Amino acid sequence: IVGYVTCASWEFWSQWPFFQHMINHLGEYALHDETFTVANSYQYGPILIAKEVRGAGLFEKLFTASLAQMANRYPNMITFVNKINPRSYAAHTKKAGMTTCGDFQFNNNNYYFLACKTK
């Protein structure tokens, strides 16, 4: 395995406190004047790429495939990136074209709240 990505509904993620926090604050964020809800969005990530194949386009391929898999169910993809991880932030905003919709704090960590349309 050289790459892996996870995508799931908020219902799936709701069993963990971090995601419960995100769910409770979804309505504070929007993209193109559409406020996020558990019905119109899903959580993407983590995505992992083996070091030996980074930079070869696998990130973009996995990202695009994950969008295609969820596009018929949800119009919005949401993820988060810890602010201490500039490499992940750059990949998601520059390579994947995700939009920074805001930020939040959880358990003494600071995160970017990122989103994009699935179609």
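Residues numbered from 1 in each chain as written. Predicted model: local features only at pLDDT ≥ 70, side-chain atom pairs only at ≥ 80, totals over all residues. Heavy atoms only, no water.

Trainee: What am I meant to see in the nonpolar core here?
Mentor: Nonpolar side chains tend to gather and get buried jointly when the protein is soluble and globular. Within the largest apolar cluster, 17 residues are counted, with the highest numbers of intra-cluster contacts made by Tyr42, Tyr44, Phe59, Phe63, Met77 and Met98. Top element by residues in this core is helix α3 (residues 58–70). It accounts for five residues. Look past the residues within four positions of Phe59 in its chain and what remains in contact with it is Tyr44, Ile47, Ile49, Ala91, His92, Lys95 and Ala96. Membership of the second largest hydrophobic core comes to 15 residues, among which are Trp10, Tyr29, Phe36 and Phe113. (Core = buried A, V, L, I, M, F, W, Y, C linked by side-chain atoms within 4.5 Å. Buried < 20%, exposed > 50% of the residue type's maximum accessible area, 1.4 Å probe, protein only. Helix = DSSP H or I, 4+ residues; strand = E, 2+ residues; numbered from the N terminus. Contact = heavy atoms within 4.5 Å.)

Trainee: I'm lost on the environment of Ala39 in this one. Help?
Mentor: Here Ala39 shows up in the loop between β3 (34–35) and β4 (41–49). Residue classification places Ala39 among the exposed residues on the basis of a relative accessible area of 61%. When the C-alpha positions of Ala39 and Glu11 are compared, they lie 9.8 Å apart, and in sequence the two are 28 residues distant.

Trainee: Before we go on, may I ask you to explain helix α4 (residues 86–95) in this structure?
Mentor: Because the α-helix completes a turn every 3.6 residues, residues three or four places apart line up on one side. Those residues of α4 not exposed but buried are Ser88, Ala91, His92 and Thr93. Among the residues trailing α4, Gly97 stands out with phi positive, at a value near 70 degrees.

Trainee: So what exactly am I meant to see when it comes to a nonpolar patch on the surface here?
Mentor: Nonpolar side chains collect at one region of the surface, where Ile1, Tyr4 and Leu48 lie side by side and expose about 410 Å² of accessible area between them. Along the chain, the position of Tyr4 falls in strand β1 (residues 3–8). (Patch = residues over 30% accessible without salt bridge, like charges linked within 9 Å, V, L, I, M, F, W, Y side chains within 5 Å. Areas by Shrake-Rupley, 256 points an atom, 1.4 Å probe, with all protein chains shown as cover. Salt bridge = Lys/Arg side-chain N within 4 Å of Asp/Glu carboxyl O.)

By themselves these figures say nothing about function.
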